[in-house]
Amino acid sequence: IGGLCQAATCTDGAKNGDETDVDCGGSCPGCYTGKMCTLQSDCKSIVCIGGLCQAATCTDGAKNGDETDVDCGGSCPACP
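Below is a summary of the structure that appears in this document. (Residues numbered from 1 in each chain as written. Predicted model: local features only at pLDDT ≥ 70, side-chain atom pairs only at ≥ 80, totals over all residues. Heavy atoms only, no water.)

1. Examining the overall build of the chain
Note the threshold: Helix numbering and strand numbering both begin at the N terminus, where a helix is a DSSP run of H or I of at least 4 residues and a strand a DSSP run of E of at least 2. C-alpha atoms define the radius of gyration, and 2.2 Å times the number of residues to the power 0.38 defines the globule rule. The buried label applies to any residue whose accessible area, calculated with a 1.4 Å probe on protein chains only, is under 20% of its type's maximum; exposed applies above 50%, and partly exposed to all values in between. For this analysis, residues touch if any pair of their heavy atoms sits within 4.5 Å. Each accessible area is a Shrake-Rupley result for a 1.4 Å probe, and residues are judged covered by the shown protein chains and nothing else. Positive: Lys, Arg. Negative: Asp, Glu. His and the chain ends are not part of the count. By convention, the charge on Lys lies at NZ, on Arg at CZ, on Asp at CG and on Glu at CD.
Assigned secondary structure in the chain consists of 0 helices and 2 strands. Against the globule reference of 12 Å for 80 residues, the chain gives a C-alpha radius of gyration of 16 Å, more extended than a compact globule. Buried residues in the chain amount to 29% of all 80 residues. Pairs at least 24 apart in sequence give 0% of the contacts found in the chain among residues at least 6 apart. For the chain, the exposed area adds up to about 5,000 Å²; of that, 59% sits on carbon and sulfur atoms. Looking at the chain, you have 4 positive and 11 negative side-chain charges, and the mean spots of the two groups are 4 Å apart.

2. What to know about the state of the cysteines
To keep it simple, the criterion reads: We call a pair of cysteine sulfur atoms a disulfide whenever their separation is within 2.5 Å.
Per the stated rule, a full pass over the model turns up 6 disulfides. Between the sulfur atoms of C10 and its disulfide mate C28 the distance is 2.0 Å. The sign of the -90° torsion about the S-S bond sets the C10-C28 disulfide as left-handed. Of this pair, C10 sits in the segment before β1 (48-49) while C28 sits in the segment before β1, and the two are 18 residues apart along the sequence. Take C10: its relative accessible area is 31%, and that puts it in the partly exposed class. The disulfide partner of C37 is C48, and the gap between their sulfur atoms is 2.0 Å. Because the torsion about its S-S bond is 95°, the bridge between C37 and C48 counts as right-handed.

3. Quick look at unusual backbone geometry
Unlike most non-glycine residues, D23 shows phi in positive territory, near 60°. Mapped onto the secondary structure, D23 falls in the segment before β1. One non-glycine residue, D71, adopts positive backbone phi at about 60°. Here D71 shows up in the segment after β2 (52-53).

4. Examining the environment of C79
By secondary structure assignment, the location of C79 is in the segment after β2. The partly exposed category is assigned to C79, whose relative accessible area is 31%. A sequence separation of 10 residues divides C79 from D69, and the C-alpha atoms of the two residues are 7.2 Å apart. Residues within four places of C79 in sequence aside, it is in contact with T68, D69, C72 and G73.

Such coordinate-based values are descriptive only and should not be taken to indicate function.
Spelled out as structure tokens, the structure:
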């Protein structure tokens, strides 16, 4: 802005700072399915496989989506 360097933010429309994709991952909010990731925590679904965030499923080994525990509850089968 005005020819001055700006600090990286989670809303600046650029992949910078510790983000794994544009404005997500790292210290920013988790990325959506199909966006780049390094760690599970880089993804909203908490599932990072092959460097890409995956959609939440009832068999992914993570408590995500609307599950009340790992892979059960919510729209998944009831928890024991």
